[in-house]
Amino acid sequence: ASEPVVHVALLPSAGMGHLNPCLRLAASFLRYGCKVTFITPIPTVSIAESNLISRFCSFFPHQVTQIDFNLIPLDPTTVATNIDPFFLQFQTIRHSMHLLYPILSSLSTPLSAFIYNASLISAVVTISEKLLCPSYIYFPSAARMLSFIAYVAVLADSDSAAQPHPSTFIGDAVQIPGFTSPITRSSVPPAFLLQGSNSFQRMIMEDSRKLLKLDGVFINSFEELEGEALGALNEGKVVRGLPPVYGIGPLMACEFESVDQGQRGSMSWILEWLDEQAEGSVVYVSLGSRTETRKEQIKDMALGLIESGYSFLWVVKLKKVDREEEEGLEDVLGSELMSKVREKGVVVKEFVDQMKILGHPAVGGFVSHGGWNSITETVWEGVPILTWPQIGDQKITSEAIRMSGVGIWADEWGWGTEKVVKGKEIAKKIKEMMSNESLRVKAGEMKEAAKKACGVGGSCEVIIKGLIEEWKR
Ligand code: BUP
């Protein structure tokens, strides 16, 4: 008899940080011959997202079927005008959830597994329970962050208040069972601690409880990077009854992601500039795709980079979403500072091929917001990291990185969205990262471990092949 077709459906949510791991996970299944249905919430928030989905689908024309999930907009009178567009998209997807089951139940090939983004758990669980296949989430952050989310329901339940509130039950620090170092209150995503009730708090609390209903969690991490957290989660120390947490990381960047499909194309001048720089001499700076750097910070960022004495490649975002208009960097910096910037480095405002940059031998360190995809991509290339958290989970990911020994975290800088850090301090930290030999050695060792985890017979292959066998039964 012919082999059964293993058919996996995936549903991402908003933003590149959530889309990239979803597509890379899909590619892991495609590598082993699975058929994939990719459900695209339409419209996407950014152009970068829609472009990437198109490249993915055209790269696998026979194995991937793309289905539009046309979202129903929220009533604008109920939406705060200053809402983060990515968070608004999470809400819109949840609001359109009744349209998902008809999509999933009408697929022509029966599903073997359904995998969706962690930010949708509480909305999707009731739908996935009706499916005749196991369902999983992919969690686009660190195992340390997953542990925090899983544990908050335990904390809430141990609070004697009638309606326990995170600002009270979090205390000064959260000591998760099985963890050597606690998560301090100042590292917790600020929206979770706000007084009153907000949709983010409600979502996290609901998700925390619903985790127990899943068949498993995929996470972009691996033993050598986050052994303690993965162990605590899988040994039932964090929460008893949690489903298996599959550390399938680091999820490798794939060929379809390359804007120029293997050519140097629009990245060419950046790569040519890197080619001219000495090995390990360049500082790469990018504070992620979801946070615009405040104008007040841009000047000090430029001053800090110049004062560090290193050459730099600075990806600067002056707007939150790539569909918005923006002003020029020169308008913010002034022509004198701009020409000093140009003497020592290059500044890019477009979305770049980050993996190509991180993989270039000239890059010797990365100043990052601590987004988990950026972190794992950097680990993959063995580049030392300096984290500067901007929002959300990025202090918790920074803790994870500091503990692993491959990066330093400027925790005295607080949240990047709240405080302006002076150029002098930025220069000092950059020098600390670039000259730290033990960081470089550790990053090199972690790179080796990452290659092993993703290689033949490594943890990633073992997990994926094991699940495929299980789904065939
Ligand atoms: Br900016 C930028 N090119 O120019 P994170 C980002 N990326 O390839 P985020 C580029 O987007 P969260 C660019 O390689 C990574 O895979 C980058 O994800 C890629 O941060 C992804 O690092 C960004 O997780 O999300 O998007 O700010 O808020 O979830 O941290």
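As a reminder, the structure under discussion sits directly above these lines.
Here the residue index of a chain counts from 1 through its sequence in written order. Selection of residues for local features in this predicted model requires a pLDDT of at least 70, selection of side-chain atom pairs for listing and counting requires 80 or more, and totals for whole chains, interfaces and linings are taken over all residues. Only hydrogens and water are set aside when side-chain values are computed; all heavy atoms of the structure are taken into account.

On to the sheet that holds strand 10 (residues 282–286). Hydrogen bonding along the main chain pairs the strands of a sheet, whether they run parallel or antiparallel. In this description, strands pair whenever DSSP reports at least two bridges between them. By definition, any uninterrupted DSSP run of H or I lasting at least four residues is a helix, any uninterrupted run of E lasting at least two residues is a strand, and each is numbered from the N terminus. Overall, parallel pairing links the six strands, which are arranged 12-11-10-13-14-15 in an open sheet. Looking along the sheet, the strands with just one partner apiece sit at the ends: strand 12 (345–348) and strand 15 (407–409). Each neighbouring strand pair of the sheet contributes to a mean axis angle of 15°, computed without reference to strand direction. Across five bridges, strand 10 lies against strand 13 (residues 363–368) in parallel orientation. The partner of Ser-286 across the bridge, within strand 13, is Ser-368. For every element, the axis is a line fit to its C-alpha atoms; helices are fit only across the contacting stretch, and the angle between N-to-C directions ranges from 0 to 180 degrees.

On to helix 9 (residues 199–210). Under the 1.5 Å per step criterion, the end-to-end length of helix 9 is 16 Å for twelve residues, consistent within 8% with the ideal 16 Å. Each residue is assigned to one of three classes by its accessible area relative to the maximum for its type, calculated with a 1.4 Å probe on protein chains only: buried under 20%, partly exposed between the two thresholds, exposed over 50%. Looking at helix 9, one finds that the buried residues are Gln-201, Met-203, Ile-204, Met-205, Asp-207 and Ser-208. Working rule for contacts: check all heavy atoms of both residues, and any pair within 4.5 Å makes them a contact. Against helix 3 (85–95), helix 5 (121–128), helix 6 (143–157), helix 7 (166–169) and helix 8 (190–193) lie the buried residues of helix 9. Taking the backbone nitrogen of Phe-200 as reference, a side-chain oxygen 3.1 Å away marks Asn-198 as the first, capping residue of helix 9. Expected helix span is computed as 1.5 Å times (number of residues minus one). Here a polar contact means two N or O atoms within 3.5 Å. Within protein one must be a hydrogen donor candidate and the other an acceptor candidate, and residues neighboring in sequence count only if both atoms are side-chain atoms.

This part is about the pairing of strand 4 (residues 113–117). Most of strand 4 sits inside the fold, with five of its five residues counted as buried. Judged from the four bridges that link them, strand 1 (residues 7–11) and strand 4 form a sheet pairing that is parallel. Across the sheet, Leu-11 pairs through a bridge with Tyr-116, a residue of strand 4. Of the pairings in the sheet, the one linking strand 4 to strand 5 (residues 135–139) comprises four bridges and is parallel in character. Paired with Asn-117 across the two strands is Tyr-138, which belongs to strand 5.

This part covers the pattern of salt bridges. The term salt bridge refers to a side-chain nitrogen of Lys or Arg lying within 4 Å of a carboxyl oxygen of Asp or Glu. If you walk through the whole model with that rule in mind, you get 17 salt bridges. Measuring nitrogen to oxygen at the nearest pair gives 3.8 Å for the salt bridge that ties Lys-422 to Asp-300. Here the residue Lys-422 occupies a position in the loop between strand 15 and helix 18 (423–435), and Asp-300 occupies one in helix 12 (residues 295–308), the gap between them amounting to 122 residues. Accessibility expressed as a relative area gives 11% for Asp-300, which makes it buried. Each of Arg-24, Glu-257 and Glu-377 takes part in salt bridges that share partners, so that together they form one network.

The definition used for a disulfide is geometric: two cysteine sulfur atoms within 2.5 Å. All told, the structure shown has zero disulfides when counted by the stated rule. Cysteine Cys-22 remains unbridged, with the sulfur of Cys-57 as its closest cysteine sulfur at 11 Å. Sulfur of Cys-133: no disulfide; nearest cysteine sulfur belongs to Cys-34 and is 13 Å away.

The next subject is the nonpolar core. As used in this record, nonpolar core signifies buried Ala, Val, Leu, Ile, Met, Phe, Trp, Tyr and Cys residues forming a set joined through side-chain atoms within 4.5 Å. Ranked by internal contacts, the top residues of the largest apolar core, which has 59 residues, are Leu-100, Leu-104, Phe-114, Tyr-116, Phe-148, Ile-170 and Leu-211. It is helix 6 that provides the largest number of residues to this core, a total of ten residues. Excluding its chain neighbours within four sequence positions, the residues that come into contact with Tyr-116 are Leu-11, Ile-121, Val-124, Val-125, Ser-128, Ser-135, Tyr-136, Ile-137, Tyr-138 and Leu-214. Within the second largest apolar cluster, 38 residues are counted, among which are Phe-38, Val-64, Tyr-138 and Tyr-246.

Right, let's talk about the sheet that holds strand 1 for a bit. One open sheet accounts for seven strands, arranged 3-2-1-4-5-8-9; its pairing is parallel. A single partner strand is all that each edge strand has here, and the edge strands are strand 3 (64–70) and strand 9 (245–247). Adjacent strand axes in the sheet meet at a mean angle of 25°, parallel and antiparallel pairs treated alike. Here helix 5 sits on the sheet and contacts strand 4 and strand 5; the angle it forms with strand 4, its principal contact strand, is near 165°.

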